[in-house]
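Coordinate analysis (summary)
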Amino acid sequence: MSIERRDYNDSNVFTRELETLFAERLFAGTQSDFAQLDDYRSLRIGNKAVSLRRTRDGVRAFNNVCLHRNALIDLPGCGNRPFRCSYHGWSYTSDGSLATAPLADVECMTLRQLDTYPVSQTHGLYFLGLAGTAPPIDEVAQVLADTGVVPDAPFHHASLEHACNWKLLVENVLEGYHLSFVHADSFRPAGFTSTGRYTWHGGQYTSWNDMLPSAASDKSATIQRLAPQAGHYYRHAYVFPDLFLSNTNGLVGFLSHVVPIDAAHTQLAWQLFELPALKALAPALRQHMKDEAIAFTQQALAEDRVLVEACQYGMSAEGPDVQLQPQEARIRHFHALYQTRMGHV
Amino acid sequence: MTIEDFIDKFAFAIEVDTNTLAPDTHFKTLPSWDSLNTLAVIAMADADYGVTVTGRDIEAATTVADMWAVVSSKCVATE
């Protein structure tokens, strides 16, 4: 049974998704976001403002609202600064307790401790447990191994707003059925089409697929002449509910995550990074492949955006239940994960 | 370092018979030309001539002779 149509438009459902799905495990950044002491990433999810920071005791997550007058301590985005409110200078230690409060009267303070949240880390990927328990990440390492994705510092990052529910963005990347119809200027010229050879696997909160071009379009030999450790394939992984990773030809890694804004708006934040086979190449080749990857990704995301927004329009109009096809088995898997957690089954 | 040598290397890089190429060949109109060939030419220029050719250089070139002009001028500049 599929996710019901109204679940793509309903603000109450959206709120419950934030409180359950996104509270269980939220992608919170990569190793390069927290490389130095005092590197931080300040984010907003639903009614929670959280700052993840590299402290002397590792990466920690704090409620990002100052105990004094409720200003955000770290402004939205990323950067490097002491954990100190810019308004009146109240500062906090690596366990979230109040360190200093200039000119303050201790008798006017009842709270001295920020709420904290568990953080889990694997292979340079950080996940946040807003529900208060450490987010499960035991499957992530296997997914990375199966797809050959080795997260690294990005050579490009950007974000793209979508006028659609976050689930439509997820569903769009979980099938290759649409490739020939939507991606005439990106995936199709790269050899990946609706009839490509496609295999997939699903876990307790992850899924991944391996896509190979049709035999007639296979350029493995040519690619391997240029980069012996590379190949001609596209591997994609999903970590429920918000993280996507992919590996194109063993050369370029892609990491993106959905940031749900409201029931009908979602931001997709994405970055590209070099995989080991690309790093082994001559600088001119590396640069060209990176430039190509940026252009390819921008093109593919623009092509997808039109369609997922069209789905949002369709979902908000009268219409039939969706009719998932065999090529869309990963979407069925996603729906099962969703419904189990939302208590719909 | 002649254009004849360059044509041999260019043909090997893009996997076509040398006899199908001449200085005035519009290489991007060859039936087999695709984006991987751009990478192959960049790799060939690096490996065989020790010069950096960019995707923009290849995009701006029309004939094999145009590419030879790019590569040979960069060779002179690095001597």
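Rules of the game
- Every chain's residues receive numbers from 1 upward, in the order its sequence appears when written.
- Chain letters start at A and ligand numbers start at 1, both assigned in the order the entries are written.
- For a predicted model such as this one, the threshold for reporting local features is a pLDDT of at least 70, and the threshold for listing and counting side-chain atom pairs is 80 or more; totals across whole chains, interfaces and linings nevertheless cover every residue.
- Secondary structure follows DSSP: runs of H or I at least 4 residues long count as helices, runs of E at least 2 residues long count as strands, and numbering of each begins at the N terminus.
- Only C-alpha atoms enter the radius of gyration; for comparison, a globular chain is expected to reach 2.2 Å times N to the power 0.38, where N is the number of residues.
- Exposure is read from a count of other C-beta atoms within 10 Å of each residue's own; the residue is exposed at 12 or fewer, buried at 20 or more and partly exposed in between. C-beta atoms are placed from the backbone.
- Each residue gets a C-beta atom placed from its backbone, and two residues are in contact if those atoms lie within 7 Å.
- Two strands make a pair as long as DSSP finds a minimum of two bridges between them.
- For a helix, the expected span equals 1.5 Å multiplied by the residue count minus one.
- It is the directions from the helix axis to the C-beta atoms that the arc portrays.
- Lines fitted to the C-alpha atoms define the axes, with helices restricted to the stretch that makes contact. Angles between their N-to-C directions range from 0 to 180 degrees.
- UniProt positions are given in the numbering used here, feature names are shortened, and annotations may be inferred rather than shown by experiment.
- When describing relative orientation, an angle under 35 degrees is termed roughly parallel and one over 145 degrees roughly antiparallel, while 65 to 115 degrees is termed roughly perpendicular and anything else oblique.
- By definition, turning the near helix anticlockwise from the far helix through less than a right angle yields a left-handed crossing, and turning it clockwise yields a right-handed one.
- In this classification, the charged set is Asp, Glu, Lys and Arg, the nonpolar set is Ala, Val, Leu, Ile, Met, Phe, Trp, Tyr, Cys and Pro, and all remaining amino acids, among them Gly, are polar.
- Among buried residues, those of type Ala, Val, Leu, Ile, Met, Phe, Trp, Tyr and Cys that are joined through C-beta atoms within 7 Å form a set called a nonpolar core.
- A domain assignment, automatic or from a database, supplies the domain bounds used here.

1. Overview of the overall build of chain B
A tally of helices and strands in chain B yields 4 helices and 0 strands. If you list the helices and strands of chain B from N to C, you get α-α-α-α. A compact globule built from 79 residues should have a C-alpha radius of gyration of about 12 Å, and chain B, at 11 Å, falls within 12% of that. Referenced to the eigenvectors of the C-alpha coordinate spread, the extents of chain B come out at roughly 35 × 25 × 20 Å. Out of the 79 residues belonging to chain B, those deemed buried represent 29%. In chain B, the share of contacts with a sequence separation of at least 24, taken over all contacts with a separation of at least 6, comes to 57%.

2. A short note on the pairing of strand S10 (residues 125-128) of chain A
The side chains of a regular strand alternate between both faces of the sheet. Residues and elements named next belong to chain A. Judged by which residues are buried, S10 turns out to be covered on both faces: Leu125 and Phe127 on one side and Tyr126 and Leu128 on the other are all buried. The pairing of strand S1 (residues 26-30) with S10 spans 4 bridges and is antiparallel. Bridge pairing links Leu26 to Leu128 in S10. Bridge analysis of strand S9 (residues 119-122) against S10 gives 4 bridges, and the strand direction is antiparallel. Bridge pairing in S10 places Gln121 opposite Tyr126.

3. Digging into helix H8 (residues 329-342) of chain A
An α-helical turn contains 3.6 residues, so any two residues separated by three or four positions project in the same direction. Residues and elements named next belong to chain A. The end-to-end C-alpha separation of H8 is 20 Å, in line with the 20 Å expected for 14 residues at 1.5 Å each. Considered for burial, the residues of H8 that qualify are Arg330, Ile331, Phe334, His335, Leu337 and Tyr338. Buried positions in H8, seen along its axis, are confined to an arc of 160° and lie on one side of it. At its buried positions, H8 is contacted by helix H3 (166-173), strand S12 (197-202) and strand S13 (206-212). In the segment just after H8, Gly343 is the residue with positive phi, at about 75°.

4. Observations concerning helix H7 (residues 283-316) of chain A
In a regular helix each residue adds 1.5 Å, so 34 residues correspond to 50 Å; H7(A) covers 49 Å between its end C-alpha atoms and thus fits that length. Along H7(A), the residues that are buried comprise Leu285(A), His288(A), Met289(A), Ala293(A), Phe296(A), Thr297(A), Asp304(A), Val308(A) and Gln312(A).

5. Looking at the interface of chain A and chain B
Listed by partner, the interface residues are 11 residues for chain A and 12 residues for chain B. When contributions to the side of chain A that touches chain B are tallied by element, the ones reaching two or more residues are helix H5 (220-226) and H7 of chain A. Sorting elements by how many residues they give to the side of chain A that touches chain B places H7(A) first, with 6 residues.

6. Observations concerning the sheet that holds S1(A)
Residue and element names in this part refer to chain A. The sheet built from 3 strands is open, its strands ordered S1-S10-S9 with antiparallel pairing. The open sheet is flanked by S1 and S9, the only strands paired with a single partner. The mean angle between the axes of side-by-side strands here comes to 30°, regardless of whether they run parallel or antiparallel.

7. A short note on the UniProt feature "domain: Carrier" (unreviewed entry) in chain B
Residues given the UniProt feature "domain: Carrier" (unreviewed entry) here are residues 1-75 of chain B. For residues 1-75 of chain B, the helix share is 60%, the strand share is 0%, and the end-to-end C-alpha distance is 10 Å.

8. Points about the sheet that holds strand S5 (residues 77-80) of chain A
Residue and element names in this part refer to chain A. Taking strand neighbours across the sheet as the criterion, the 5 strands line up as S5-S2-S3-S4-S8 in an open arrangement whose pairing is antiparallel. The outermost strands of the open sheet, each flanked by one partner alone, are S5 and strand S8 (116-117). Here strand S3 (residues 48-55) runs beside strand S4 (residues 58-63); their pairing, made up of 6 bridges, is antiparallel. Considered in S4, the bridge of Val50 is made with Asn63.

9. Regarding the pairing of S3(A)
Residue and element names in this part refer to chain A. Of all 8 residues in S3, 6 are buried; the element is thus mostly enclosed. Where strand S2 (residues 39-45) meets S3, 6 bridges bridge the pair, whose relative direction is antiparallel. Bridging from a neighbouring strand, Leu43 pairs with Val50 of S3. In sequence, S2 turns back onto S3 through a hairpin of 2 residues, with Gly46 there showing a positive phi of about 60°. Between S3 and the antiparallel strand that follows it, S4, lie 2 residues.

10. Re the environment of Asp105(A)
Residues and elements named next belong to chain A. Relative to the helices and strands, Asp105 resides in the loop between strand S7 (98-100) and S8. According to the C-beta neighbour criterion, Asp105 is exposed, with 7 such atoms within 10 Å. Between the C-alpha atom of Asp105 and that of Ser11, which follows or precedes it by 94 residues, the distance is 43 Å.

11. Quick look at the packing of H7(A) against helix H2 (residues 35-49) of chain B
Interhelical geometry of H7(A) versus H2(B) gives an angle of 160° and a closest axis separation of 9 Å. As the angle between them shows, H7(A) and H2(B) are arranged roughly antiparallel. Note that H7(A) runs across H2(B); the crossing there is right-handed. Packed against H7(A), whose contacting residues are Ala284(A), Leu285(A), His288(A), Met289(A) and Glu292(A), the element H2(B) presents Ser35(B), Leu39(B), Ile42(B), Ala43(B) and Asp46(B) at the interface. Per-class residue counts for the contact of H7(A) with H2(B) are 6 nonpolar, 2 polar and 2 charged.

12. Thoughts on the nonpolar core
The biggest cluster of nonpolar side chains holds 98 residues, and the ones touching the most others in it are Leu52(A), Leu128(A), Phe10(B) and Val41(B). The residues that make up this core include at least three from each of domain 1 (32-128) and domain 2 (140-342) of chain A. Not counting chain neighbours up to four residues away, the residues in contact with Phe10(B) comprise Leu21(B), Val41(B), Met44(B), Val64(B) and Met67(B). Ala190(A), Phe192(A), Tyr233(A) and Tyr234(A) belong to the second-largest nonpolar core, a separate cluster that totals 7 residues.

13. Describing the domain arrangement of chain A
Residue and element names in this part refer to chain A. Looking at the assigned domains, one finds that chain A contains domain 1 (32-128) and domain 2 (140-342). Between domain 1 and domain 2, the C-alpha centre-to-centre distance is 33 Å. Along the lines of polarity and charge, the residues of the side of domain 1 that touches domain 2 split into 1 nonpolar, 4 polar and no charged.

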